[in-house]
Amino acid sequence: CQWANFVRNHDELTLDKLSDAERQEVFGAFGPDESLQLFGRGLRRRLPPMLDADQQAIRMMYSLAFSLPGTPVLFYGEEIGMGENLAIDGRLSVRSPMQWSDERHGGFSTVGKASALRRPVVDDERFGPAAVNVARQRRDDGSLLNWFERLIRRRRECPEIGFGALTVLDTGAPSVLAHRCDWEGSTIVAVHELGGEAVEGELPVEDGDALVDLFGSDDQKLPATLRLAPHAAHWFRVRRGGARLPP
């Protein structure tokens, strides 16, 4: 058995497990207007608008979700950075039609009138189909969609995350969450900067020779001092005994 981990799902982003003070802090940051809230406990928004379409922050959030034990769940539209449609009542605001292209109705339907759609398409210059759609991102190597393909591939290549034992690592930087997953003599280390500021911290991994960067070429010798950009997200495989491991 495993938990299903998601950043967003098809309902409101419920905050009912938080204290009143914690809930108000989240409301203040991501939905201060009551029209963005629901039932007094949740936010009827998608992640990209909550993060003001900050691509690095969005990728960091999903990198973190995919690097934690459990089964990652991806809600449709998140892989291209869709926004919500607040014109739709209640929690249905996050269930607008998928944006396949910049064609009429976002390529979701060929019906003539928009009123014939089950729900209206997002009507927004930043998050609507003209700006955010699958067809455009498939052709852009640096798009969020293509990054998600790499993220999913890396997760499948890292059984340590799904089956291993998790240990949180103290880097000395309060805004950095670092952890390692160990399984059958192999180790994955994930590092995420949550505060949106450039920081430096020590990575307390001593049982290896080097860290192999799984999303780039920034390999590190151990022991390692990490210099992280704002909202940085890194996955490393620990290399031991001088063995050369594929990235």
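A brief report on the enclosed structure follows.

Quick notes on the rules
Residues numbered from 1 in each chain as written. Predicted model: local features only at pLDDT ≥ 70, side-chain atom pairs only at ≥ 80, totals over all residues. Heavy atoms only, no water. Pairing = 2+ DSSP bridges. Helix = DSSP H or I, 4+ residues; strand = E, 2+ residues; numbered from the N terminus. Buried < 20%, exposed > 50% of the residue type's maximum accessible area, 1.4 Å probe, protein only. Salt bridge = Lys/Arg side-chain N within 4 Å of Asp/Glu carboxyl O. Core = buried A, V, L, I, M, F, W, Y, C linked by side-chain atoms within 4.5 Å. Contact = heavy atoms within 4.5 Å.

1. Some remarks on the sheet that holds strand E4 (residues 42–43)
Phase 1 of the analysis: Strand order across the open sheet formed by three strands is E2-E4-E3, with antiparallel pairing between neighbours. The sheet is open, and its two borders are formed by strand E2 (13–14) and strand E3 (37–38), each paired with just one other strand.
Phase 2 of the analysis: Note: E2 against E4, two bridges, orientation antiparallel. Across the sheet, residue Thr14 finds its bridge partner in E4, namely Gly42.

2. Brief notes about the environment of Glu157
Phase 1 of the analysis: Its place among the elements puts Glu157 in the loop between helix H5 (144–156) and helix H6 (159–163).
Phase 2 of the analysis: Its relative accessible area of 37% is what places Glu157 among the partly exposed residues.
Phase 3 of the analysis: Sequence-wise, Glu157 and Leu214 are 57 residues apart; in three dimensions their C-alpha atoms are separated by 9.9 Å.

3. Overview of the pattern of salt bridges
Phase 1 of the analysis: One pass over the structure, following the stated rule, counts 14 salt bridges.
Phase 2 of the analysis: Asp11 serves as the salt-bridge partner of Arg95, at 2.8 Å between the closest nitrogen and oxygen. Pair noted here: Arg95 is in the loop between strand E5 (71–72) and helix H4 (134–138) and Asp11 is in the loop between strand E1 (4–5) and E2, with a separation of 84 residues, a long-range link.
Phase 3 of the analysis: We note a salt bridge from Arg154 to Glu157, for which the minimum N-O separation is 3.3 Å.
Phase 4 of the analysis: Where salt bridges share partners, they join Asp11, Glu12, Arg41, Arg91 and Arg95 into one cluster.

4. Some thoughts on the nonpolar core
Phase 1 of the analysis: Residues Leu47, Tyr62, Phe148, Leu151 and Trp235 are the most contacted members of the largest nonpolar core, which totals 22 residues.
Phase 2 of the analysis: Those elements that place two or more of their residues in this core are helix H2 (47–50), helix H3 (55–66), H5 and strand E8 (186–193).
Phase 3 of the analysis: A per-element tally of this core places H3 first, with five residues.
Phase 4 of the analysis: Contact partners of Leu47, with chain neighbours within four places excluded, come to Val7, Arg8, Ile58, Met61, Tyr62 and Glu78.
Phase 5 of the analysis: Of all hydrophobic cores here, the second largest spans 16 residues; its members include Leu169, Leu228, Ala232 and Val238.

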